[in-house]
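Breakdown of the fold
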Amino acid sequence: MMAIQSDISHAFQQYEDKNFRESKVSFEKLLQDDMTISNEIQLRFVYGYPLSALGLVDKAVDNYERLGELGKQSKNLEIVVQTLHQIGMVYREAEQYNKAISYFKKEQKMIHKHFIDNHLFLAANLYEMGYTLLLDGHVEVAYSFLVDSLTESEKSKDSIMKACAERALGEFYVKQDKPLVAQAYFEASILSFKEAGDEIGATEVVELLEKLSDK
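Summary of the structure given here.

1. Side note on the packing of aromatic side chains
All chains considered together, the criterion is met by twelve aromatic pairs. Ring geometry for Tyr143 against Tyr173: centres 6.3 Å apart, planes inclined by 80°, an arrangement best described as edge-to-face. Taken together, the residues span a long stretch of sequence, with Tyr143 in helix H8 (residues 139-156) and Tyr173 in helix H9 (residues 159-175) at a distance of 30 residues. Of the aromatic side chains, those joined through ring pairs into one cluster are Phe12, Tyr15, Phe20 and Tyr49. Seen from the ring of Tyr103, Lys106 lies directly overhead, with NZ or CZ sitting 4.3 Å from the centre. Across the ring face of Tyr131, the terminal group of Arg167 is positioned such that the distance to the ring centre comes to 6.0 Å.

Structure follows, in structure tokens:
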């Protein structure tokens, strides 16, 4: 049991180190072995990340569809909802924004039906809806989603979710040509990422702040 979890962690660390091909190979070797449904769920959640990073959109979607099937088999609606979220993220990262939004809308319906008190689910869904709209050029429409995401993330007390919403609002204000407001959100995001111990996330926002200073 511990060995498979250690191997999954190692494969995901390869992804975090941006060794995407090595990460993909490590996950695929693990998938050749028999494993419990709970271990396969854990694996497939993170296997999609290197696939998406390599631009293997169909493979990443297939992986998450399998994750959804496992969620249904184990009668775990949380996994089913998160599957829709993950597929939406794959399409968002592939710049297929309309497809991404369609999955986030499906996710939103399920959250409102089954998990309306789950502030983290609400925050993550609102963030992805808003950030996808922002990337797709629907800047004004994106704003209310991002503000609502920040509100829900504060209720969830999840520092990483809060940091993501703050970063996205910073990017919104960059597009609005309001650098001082953007700077305030970026600085808040950096603090939230550091509070969560996510130095990679913090560094990425520092880079956004530096670009803002260069303007």
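Anyway, onward from the coordinates.
2. Regarding H8
A turn of α-helix holds 3.6 residues, and therefore any two residues three or four places apart point the same way. In a regular helix each residue adds 1.5 Å, so 18 residues correspond to 26 Å; H8 covers 25 Å between its end C-alpha atoms and thus fits that length. Among the residues of H8, those classed as buried are Val139, Ala142, Phe145, Leu146, Ser149, Leu150, Glu152 and Ser153. Its buried side turned inward, H8 meets helix H7 (119-135), H9 and helix H10 (179-195). With its phi angle positive at about 60°, Lys157 sits one or two positions after the end of H8.

3. Some remarks on the environment of Leu209
Summarising the element assignment, Leu209 is placed in helix H11 (residues 199-214). Contacts of Leu209, omitting those with residues within four sequence positions, involve Gln183, Phe186, Glu187 and Ile190.

4. Examining the nonpolar core
Note that soluble globular proteins tend to have their nonpolar side chains buried in a common cluster. If you look at the biggest cluster of nonpolar residues, it comprises 63 residues, and the most contacted ones within it are Ile8, Phe27, Tyr91, Tyr127, Leu134 and Leu146. The biggest single contributor to this core is H7, with ten residues. If near-sequence neighbours (up to four positions away) are discounted, Tyr127 is found in contact with Leu146, Ser149, Met161, Cys164, Ala165, Arg167 and Ala168.

What counts as what
- Residues numbered from 1 in each chain as written.
- Predicted model: local features only at pLDDT ≥ 70, side-chain atom pairs only at ≥ 80, totals over all residues.
- Heavy atoms only, no water.
- Phe/Tyr/Trp six-rings, centres within 6.5 Å; stacked < 30°, edge-to-face > 60°.
- Helix = DSSP H or I, 4+ residues; strand = E, 2+ residues; numbered from the N terminus.
- Lys NZ or Arg CZ within 6 Å of the ring centre and 35° of its normal.
- Expected span 1.5 Å × (residues − 1).
- Buried < 20%, exposed > 50% of the residue type's maximum accessible area, 1.4 Å probe, protein only.
- Contact = heavy atoms within 4.5 Å.
- Core = buried A, V, L, I, M, F, W, Y, C linked by side-chain atoms within 4.5 Å.

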